[in-house]
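# Structural overview for review
Listed here are the chains, written in short residue letters.
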Amino acid sequence: MVQYEYHSFITEQKETVFMIEDIKNVKPIYPCEPWAITEESFDLKNNYRNETVFVLSNGYIGMRGTFEEAYKMEKGFGMEGSFINGFYESEKIRYGEMAYGFAEKTQTMLNVANAKIIKLTVDGEEFSIFEGTLNESRRVLDMKKGVLTRSATWTSPKGKTVRIESTRIVSLTNKFAAAIRYSVTPVNFDGELSILSAIDGDVMNNTAENNSRIDYGPYGRVVLMEDACLDGATAAIKQRSKNTQIGIVTAMRNEIDFDAATESAKDEFAVSTKFTFSAEKGKTYTLTKYITYVTTRDFSEDALFDNAKSILKKLGEDGFAALLSSQKTYLDTFWENANIEIDGDDMLSQGLRWHMFALLQSPGRDGRTSLGAKGLSGEGYEGHVFWDTEMYVTPFFNFECPEIAKNVLMFRYNTLDEARKRARVLSVSRGCCFPWRTINGEEASAFFLAGTCQFHINADIAYAVNQYVTATADYDFLADYGAEILIETARFWCSFGEYVDYKGGKFCINGVTGPDEFAVLVNNNCYTNMMARENMKYAVKAVEYLKANMPEKYKTLAEKIGLAESELADWQRAIDNMYIPYEEKLGIYPQDDSFMSKKRWDIENTPFSEFPLLDKHHPIIVYRHQVSKQADFVLAMFLLSKYFNKEEMKRNFDFYETVSVHESSLSACIFSIVANSIGYYDIAYKYFMTTSRLDLDDYHANVNAGYHCANMAGTWMSMLFGFGGMRVNDDALEFAPVLPEKWNSYKFRILFKGRLIEVFVDKSGAKYSVIKGEPIAIKSYGEEIVIG
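Report on the accompanying structure.

The subject of this paragraph is helix α3 (residues 304-318). Over its 15 residues, α3 runs 21 Å from end to end, which matches the ideal 21 Å to within 8%, given 1.5 Å per residue. Within the sequence span of α3, burial applies to L304, A308, I311, L312, L315 and G316. Angular distribution of buried residues about the axis of α3 spans 135°; they occupy a single face of the element. Projecting away from the buried face of α3 at angles above 90 degrees are the exposed residues D306 and E317. Contact partners of the buried residues in α3: β15 (234-241), β16 (247-256), β19 (285-295) and α4 (320-338).

Shown next, in the form of C-alpha cells:
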C-alpha cells in the first residue's frame with residue numbers, strides 16, 4: 001500500500017518591476033506534442049536552428065540534425081557537424097601582451113568526419129531539396145524512442161516521384177554506435193535508382209569565423225587524412241588532429257535488403273559505397289548504415305581499424321531493431337524516474353521534456369570527458385567545460401541519473417593533477433585550482449579577469465561532490481575520489497586567502513571574480529567567500545566521516561596526499577573567521593567590497609540596442625558601474641538558503657533585481673527559484689517562462705550555435721527547487737511546493753538515497769510517495785513527516 005501525505009501551501013504575492021522582456025506573445029515554433037518535436041515542412045530560414053534542435057548524441061558521438069544529402073549551406077543557413085567528446089585541437093594563444101601564468105594553449109572540440117551521408121539518384125537525377133519539387137518534408141524527434149525520423153516525397157525535374165523515409169539513432173547504450181535506416185519507394189515509375197553511402201573527412205571548424213571575440217584557430221584543416229580502408233562491407237578513414245595528435249577512425253558498414261551492383265571508392269578525403277539497382281513502382285528498398293568512431297583515447301593506434309570493424313560487425317549481427325529496442329528500454333527507465341508532468345500547460349511539458357532529453361544526450365560517461373556548455377550540439381564555446389556543468393547540470397543528474405553525475409565528477413578527479421599544477425603557477429602552495437574553461441584539464445581561458453579569477457569554481461565543484469554523496473549515499477565514491485577533491489579545494493582557500501587586520505582579523509579572499517562577470521578582480525566577493533567557507537566545511541565533514549567509518553581508506557588517502565591533522569584546524573579557523581560583506585544600513589549583503597561604492601547603471605533608460613553591454617561598451621565602463629550580468633549573491637541565497645531567513649532574502653532579492661540585466665542564460669532560473677522561496681510567485685513564474693523554451697522557441701536567436709545546457713538544467717531546477725521548494729539540508733530532503741495559478745497540478749520524481757520519490761501538487765496541496773524503496777523521513781513546509 002502506497003502511503004500519501006498531504007500538506008497545504010500558503011500563497012503570497014508581490015508586485016515589482018519585471019526586468020526581463022515579457023515573452024507571453026512569443027509564438028511556439030513547433031507543434032505542441034507531449035513526446036515529440038516536429039518540423040512539418042522544410043524552410044531554409046529555419047534550417048540552421050533545426051540542426052541544433054534535432055541533434056542526436058550519447059555523450060561521446062554528437063550528430064547535428066543535418067540532412068543525409070550533406071548540403072554545403074551558405075553561411076548563416078546551416079553547418080555540418082559531427083563531434084566526438086574529447087577529440088580536440090590545441091594551438092598557442094596569441095596575446096598582444098603576454099604575462100606569467102596566462103593560459104598558453106587553446107583547446108577546441110573538432111568537427112570530425114561526416115558519416116551521415118546518403119545520396120539518392122533517380123534515373124540520373126540526384127535528389128535535392130533545392131531542385132525538383134519537394135512535395136512533402138517532415139522530421140520528428142521522438143523523445144521516447146530516442147530517434148530522429150524523416151519522411152519526404154520528392155518529384156525530380158523529369159517528373160519521377162519517390163518517397164524517402166529514414167530513421168537515425170545515436171545509441172545511449174553503446175558509446176561507439178550510431179546508425180541510419182534509409183528507405184526509398186518509387187511512387188510513379190519503374191527505373192534505375194542508386195544510393196551512395198559515404199564518409200567525408202574534408203571537414204573544418206567554423207569557430208573562429210563565427211565568434212568575433214576570438215582571433216585564434218583552429219584555422220583551416222587540422223584534422224589530417226592518413227589512410228582509407230575498403231574491406232568488404234566495411235569502409236573507413238583514418239585521420240589525426242594536427243597538434244594534439246589524437247588518432248581517429250570513422251567507419252561504416254552498409255547492409256541492403258535488395259540486389260544491386262556495388263561499387264566502392266576512395267579519394268583524398270572520403271570513402272563511399274554505391275548501390276545501383278532496377279526499382280519497381282511501389283516497392284520499398286532499404287539501406288541500413290551502421291556508423292562508429294574510435295580514437296586513440298580508447299584504443300591502441302595499431303588496433304583502430306580492427307576495433308572499428310569489430311564494432312560494426314557486432315552491430316550488423318544484432319541488427320537495427322536491437323539498437324531501437326535497447327534505446328527504448330533505456331529511455332523507458334529514464335522517463336519513469338525523471339518525467340515531469342504539468343496539467344495546465346502542454347507547451348511547458350514539451351519544453352521540459354526536450355530539455356531533459358537534450359541533457360541526457362550530452363555528458364561524457366567515461367570519467368575522462370565531461371559536458372561542455374553546448375554539449376555535443378555545436379561549436380559554441382569550443383566544447384569547453386565551465387562551472388555550470390557542476391552548478392547547473394550535475395544537480396539534474398544527481399537526482400535523476402546519478403551514475404552520469406558520478407562520471408561527470410570523475411572528470412574533475414581525473415584532471416586533479418592538472419588543477420594542482422595550475423595552483424602552483426598561481427603561487428598557491430597547497431591544493432588545486434580547477435580551470436575556468438577546459439577540455440583536457442588545463443586552463444584554456446585567455447581572459448583571466450573573467451576566467452582564471454573565477455576561483456569560485458573550486459567551491460562549485462566541491463558543492464557538486466557533496467550534493468552527489470548526499471543524494472546517493474555513495475560513500476565509496478567519497479572515500480576513493482570525492483574526499484580528495486574536497487580536501488585539495490579546501491587547501492586552496494587556506495593558501496589563497498589571508499587574515500586581514502583591516503577587516504578585524506577576518507579571513508579574506510581578495511582579487512577574485514564571482515559569477516557576475518561585470519565585477520572583476522574584486523575583494524571578498526560574497527558568493528565566493530560563502531561558498532569557500534562551505535567547501536572547507538565539506539572537507540572537515542568528509543575527513544571526520546572517513547576517520548569514523550572508513551579508517552583504512554582514510555589512512556590510505558591521508559598518506560597519498562600528505563594530509564596533516566593540523567590542516568583541519570586551519571580550515572576550521574578560516575570557516576569561523578570568514579569575512580562576509582554586510583551593509584547594516586540597508587540590511588543587504590553587498591556583492592563585494594566595492595560594489596556599493598559604484599555608480600548604478602541606469603538600466604531602465606538604457607536603449608535595448610545597447611545590450612549586451614560588453615558588446616557596446618568598453619569593459620572598463622561596465623566594470624566601474626553597479627550592474628550585474630547575472631545572478632551572483634542571489635545564487636548564494638539559493639544554494640545556501642539555510643543561512644538566510646525570509647526577510648533577509650526579500651531585501652536582497654529586491655536590491656539585486658534592480659541591478660541585474662540577466663545577460664546570461666544562467667540567471668533567470670536562479671531568480672525564479674529564489675522568488676518562489678520568498679513568496680514572489682508571479683515574478684517567479686515570469687522568470688521561469690524565459691527559461692522554459694529558450695532554445696526550442698529560439699528566444700535569443702542563437703540556438704543555431706548549439707544548446708544552452710545550463711539553461712536547460714535551470715528549467716529543471718526551477719521546477720524542483722523553485723515550484724517544488726526542494727532543498728537538501730543536513731543530509732535531509734525538504735519540500736515546500738507551490739502551485740502556479742495557471743496550472744491544475746504538476747508531478748515530478750527524484751532518486752534519493754536509493755529511493756524513487758514522487759511529489760504531486762494540486763490545488764488541495766502536496767502529496768508525497770515512495771514509489772520504490774524504503775520509507776524515509778522528509779520535511780514538508782518545515783514539518784518532519786515519514787513517507788513510504
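Turning our attention to helix α6 (residues 388-400). Look at α6: 17 Å from first C-alpha to last across 13 residues, which is about the 18 Å you get at 1.5 Å a residue. The largest bend in α6 comes to about 45°, at T394, with the proline P395 one to four residues further on. The element α6 is largely enclosed, with a buried count of 13 among its 13 residues.

Moving on, we come to unusual backbone geometry. At the junction of F611 and P612, the peptide bond is cis and its omega measures out at -5° in the coordinates. Take P612: it is sitting in the loop between β23 (599-600) and α14 (613-616). The residue A473 is not glycine, and still its phi comes out positive at about 55°. Position of A473 among the secondary structure elements: in the loop between α9 (456-472) and α10 (475-496). The backbone phi angle of H662 is positive, close to 55°, even though this residue is not glycine. Checked against the element boundaries, H662 lands in the loop between α17 (646-657) and α18 (668-677). Residue H662 is classed as buried on the basis of its relative accessible area, which comes to 11%.

Glancing now at the pattern of salt bridges. Inspection of the entire model under this criterion finds 48 salt bridges. For D474, the salt bridge is made with K406, and the minimal N-O distance between the two is 3.9 Å. Here the residue D474 occupies a position in the loop between α9 and α10, and K406 occupies one in helix α7 (residues 402-414), the gap between them amounting to 68 residues. With relative accessibility at 16%, the residue D474 sits in the buried group. In this structure, a network of salt bridges that share partners links the residues D417, R420, R430, E484, E488, R491, K560 and E567.

Once that is clear, we can look at the sheet that holds strand β7 (residues 118-122). Reading across from one edge, β8-β7-β13-β18-β17 is the order of the five strands in this open sheet, with antiparallel pairing throughout. Among the strands making up the open sheet, the edge pair consists of β8 (125-126) and β17 (261-266). Sheet topology note: the strand β13 (residues 191-200)/strand β18 (residues 270-279) ladder contains ten bridges and is antiparallel. Counted as the bridge partner of G191 is A279 from β18.

Attention now goes to empty space enclosed by the protein. Remark: the empty space left among the atoms is shown by a probe the size of a water molecule rolled over them. Scanning all chains against the criterion turns up three cavities of 30 Å³ or more. What lines the largest cavity is a set of 14 residues, among which N85, S370, G372, G383 and V385 lie closest to the centre. Every residue along the wall of the second largest cavity is listed here: T66, F67, E68, R139, L148, T149, R150, S166 and R168. When residues of the lining of the second largest cavity are traced back to their parent elements, those giving at least two are β10 (147-155) and β11 (161-170).

Pairing is antiparallel in the open sheet, where four strands are placed in the order β3-β4-β5-β6. Strand pairing shows two members of the sheet lacking a second neighbour, β3 (56-57) and β6 (108-111), which therefore form its edges.

Let's shift gears to the environment of V540. Its location among the elements puts V540 in helix α11 (residues 526-549). For the pair V540 and I487, spaced 53 residues apart in the sequence, the C-alpha separation amounts to 8.2 Å. The residues contacting V540, other than those within four sequence positions of it, are L568, W571, Q572 and I575.

What follows concerns the pairing of strand β27 (residues 745-752). Counting buried residues along β27, seven of its eight residues qualify, which places the element largely inside the surrounding structure. With three bridges connecting them, strand β20 (residues 341-343) and β27 associate as antiparallel partners. Bridging across to β27, I342 finds its partner in Y746. Pairing geometry for β27 and strand β28 (residues 755-762), over eight bridges, is antiparallel. Across the sheet, L751 pairs through a bridge with L756, a residue of β28. Taking the residues between adjacent antiparallel strands as the criterion, β27 and β28 are bridged by two residues, where K753 takes a positive phi near 50°.

The rules we used
- Residues numbered from 1 in each chain as written.
- Predicted model: local features only at pLDDT ≥ 70, side-chain atom pairs only at ≥ 80, totals over all residues.
- Heavy atoms only, no water.
- Helix = DSSP H or I, 4+ residues; strand = E, 2+ residues; numbered from the N terminus.
- Expected span 1.5 Å × (residues − 1).
- Buried < 20%, exposed > 50% of the residue type's maximum accessible area, 1.4 Å probe, protein only.
- Arc of directions from axis to C-beta.
- Contact = heavy atoms within 4.5 Å.
- Bend = angle between axes of the 7 residues up to and from the residue.
- Salt bridge = Lys/Arg side-chain N within 4 Å of Asp/Glu carboxyl O.
- Pairing = 2+ DSSP bridges.
- 1 Å grid on protein atoms, 1.4 Å probe; cavity = no way out; pocket = protein on both sides within 12 Å on 5 of 7 lines; lining within 4 Å.
- Points joined across faces, edges and corners; volume = space filled by probe spheres on them.

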